[in-house]
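Single-letter residue listing:
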Amino acid sequence: MKIKRILFSILAVFMFVLVAACGKKEAPTEDANAQKEGAATEVTQNYHIGVVTTSVSQSEDNARGAEAVVKQYGASNEGGKITVVTIPDNFMQEQETTISQMVSLADDPDMKAIVVAEGIPGTYPAFKAIREKRPDILLIVNNTHEDPVQVSTVADVVVNSDSVARGYLIVKTAHDLGATKFMHISFPRHLSYETISRRRAIMEQTAKDLGMEYIEMSAPDPLSDVGVPGAQQFILEQVPNWIAKYGKDIAFFATNDAQTEPLLKQIAANGGYFIEADLPSPTMGYPGALGIEFTDDEKGNWPKILEKVEKAVVEAGGSGRMGTWAYSYNFSGIEGLTDLAVKSIESGDRDFTLDKVLGSLDTATPGSKWNGSLMKDNNGVEIKNSFFVYQDTYVFGKGYMGITSVEVPEKYGKISGNK
């Protein structure tokens, strides 16, 4: 009997060990771990990013910025990451085409993000359609022409040049350089945009606060019947008359890119100040105005471009009164926001903050500095995914003005646009 009990105990222990061994999972081998990591890497590496841009004729910096990210990350049809879509030049009349082009990017199952270089009208409905079709796609837009508050409801990230800060800082910089008058040049279509009308209102108030005369000037819309040539001719003819009337201590600001070149040409020849363009860049207006040509190795090399433009401006007599951003806003915006998309896709982090946006922009502009803020709606409520950004102003013959360190008085943030 005793022997039976002993045998029964031994058998029970044996069964316990056997069950435990069967229930225990084997530790994964090194090969299994490698396969698992490889699968995860494949998910975060094999993806596409759509870049939507205007053509060279509409904005060369947009188009060149798209080329730069293709060069950096490779074209998707050649095993790389970037798919470029170029919208029609006449986008106001061809919105349906623009919308369908953007939405078609969502047909690519590997598409993980779409970066719109310039949020022309039609971006909001396109994003809304993409969001309904592919909620997994990251949607980022720069320089939106539509209501940024509305766009923020369908986008992950909305970025604009800082209407509030720049409205104050452009006028203040002009004042610090010696200007006593400030002229704002625009037309009804642009003034219907919230960001532009708000910046205009801030500029007017800043000029008054600094004791400067503020002058509102209407110019032809390049999208009207006169076209770009007519709009440019108006500026070319009128600037000398304005300088003769108001004097050389006047600073000019135009809301339209096409009107920048004739404006710069006449300021260089006749006097006045030009702090920076609506979408600043050393290539915005200066090459055409001053006859500057760039070699192939200089294109996209912003330090070389800045050096060449500065030499031409100084020789033309514009030292100390004509400026820009050292890096193109459009070009660096595409590079920076594509970098933001890449980091988000590969990390899985969709918590976008101002620091992350500014950090990605910094990667595209070594040597220059950015600052910014969260955008607020008309009720003063911050929009968590909508960012205002600006780069330090560079005045030819003087260098960086250090405006990213200047505190903008809080009262200017409470001024709304006048539609």
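Refer to the structure above for everything that follows.
Residues numbered from 1 in each chain as written. Predicted model: local features only at pLDDT ≥ 70, side-chain atom pairs only at ≥ 80, totals over all residues. Heavy atoms only, no water.

**Q** Can you explain the pattern of salt bridges? Please cite residues and give values.
**A** Side chains that differ in charge, positive against negative, can pair when their charged atoms come close. Scanning the model with the defined rule gives 21 salt bridges in all. Residue R199 pairs with D278 through a salt bridge whose shortest N-O separation is 2.7 Å. Of the two residues, R199 is situated in helix α9 (residues 194-209) and D278 in the loop between α11 (260-270) and α12 (286-290); the sequence distance between them amounts to 79 residues. Bridged by salt links that share partners, the residues R200, E204, K208 and E216 form one connected network. (Salt bridge = Lys/Arg side-chain N within 4 Å of Asp/Glu carboxyl O. Helix = DSSP H or I, 4+ residues; strand = E, 2+ residues; numbered from the N terminus.)

**Q** How would you explain the sheet that holds strand β3 (residues 111-116) if you had to name every residue and give the values?
**A** Read across the sheet, 7 strands follow the order β2-β1-β3-β4-β5-β11-β10 without closing on themselves; strand pairing throughout is mixed. Bordering the open sheet on either side are β2 (82-86) and β10 (370-376), each of which pairs with just one other strand. Recorded for the sheet is a direction-independent mean angle of 20° between the axes of neighbouring strands. In this structure, strand β1 (residues 48-53) lies alongside β2, joined through 5 bridges in parallel fashion. When the sheet's bridge partners are listed, G50 is paired in β2 with T83. (Pairing = 2+ DSSP bridges. Axes fitted to C-alpha atoms, helices over the stretch in contact; angles between N-to-C directions.)

**Q** Account for the sheet that holds strand β8 (residues 250-254), naming residues and giving values.
**A** Ordered by their spatial adjacency, 3 strands build an open sheet running β7-β6-β8, and the pairing between neighbours is parallel. Each having just a single partner strand, β7 (213-218) and β8 make up the two edges of the open sheet. Each strand of the sheet is rotated relative to its neighbour by a mean of 20°, with strand direction disregarded. In this sheet, β7 lies alongside strand β6 (residues 181-186) in parallel orientation, the contact comprising 6 bridges. The partner of I185 across the bridge, within β7, is M217. Here α9 sits on the sheet and contacts β6, β7 and β8; the angle it forms with β7, its principal contact strand, is near 150°. (Contact = heavy atoms within 4.5 Å.)

**Q** Please give an account of helix α14 (residues 329-347) that cites residues and values.
**A** Over its 19 residues, α14 runs 26 Å from end to end, which matches the ideal 27 Å to within 8%, given 1.5 Å per residue. Most of α14 is tucked away, with 16 of its 19 residues classed as buried. Its side-chain oxygen placed 3.3 Å from the backbone nitrogen of N330, S328 serves as the N-cap of α14. (Expected span 1.5 Å × (residues − 1). Buried < 20%, exposed > 50% of the residue type's maximum accessible area, 1.4 Å probe, protein only. Polar contact = N/O pair within 3.5 Å; in protein donor to acceptor, adjacent residues only side chain to side chain.)

**Q** Go over the packing of aromatic side chains with me, naming the residues and quoting the values.
**A** The description of an aromatic ring pair uses the distance of the two centres, along with the angle that the planes make with each other. Tallied over the full model, the rule gives 11 aromatic pairs. Relative to W242, the ring of F234 lies with its centre 6.1 Å away and its plane at 65°, an arrangement referred to as edge-to-face. Every member of this aromatic cluster is reached through a ring pair, and the members are F274, Y286, Y394, F396 and Y400. (Phe/Tyr/Trp six-rings, centres within 6.5 Å; stacked < 30°, edge-to-face > 60°.)

**Q** Residues and numbers for the nonpolar core, please.
**A** Counting 43 residues, the largest nonpolar core has I49, I140 and V389 as the members making the most contacts within it. In this view, V389 contacts V159, N160, S161, D162, W325, Y329, V357, L358, L361, W370, N371 and G372; residues no more than four positions away in its chain are not counted. Grouped together as the second largest cluster of nonpolar side chains are 37 residues, A68, M217, Y246 and V309 included. (Core = buried A, V, L, I, M, F, W, Y, C linked by side-chain atoms within 4.5 Å.)

**Q** How would you summarise the layout of surface pockets if you had to cite specific residues and measurements?
**A** In this structure, the largest pocket occupies an estimated 1100 Å³ of space. What lines the largest pocket is a set of 47 residues, among which Q58, S59, D257, A258 and M284 lie closest to the centre. Looking at the lining of the largest pocket, the elements with two or more residues in it are α3 (60-73), β5 (157-161), α8 (188-191), α9, α10 (227-246), α12 and α13 (302-315). Considering only enclosed or pocket space, the second largest pocket measures out at about 500 Å³ in volume. Of all elements in the fold, only α7 (163-177), β10 and β11 (382-391) reach the threshold of two or more residues within the lining of the second largest pocket. Of all the elements, β10 adds the most residues to the lining of the second largest pocket, at 6 residues. Looking at the lining of the second largest pocket residue by residue, the classes come out as 9 nonpolar, 8 polar and 7 charged. (1 Å grid on protein atoms, 1.4 Å probe; cavity = no way out; pocket = protein on both sides within 12 Å on 5 of 7 lines; lining within 4 Å. Points joined across faces, edges and corners; volume = space filled by probe spheres on them. Nonpolar A, V, L, I, M, F, W, Y, C, P; charged D, E, K, R; others polar.)

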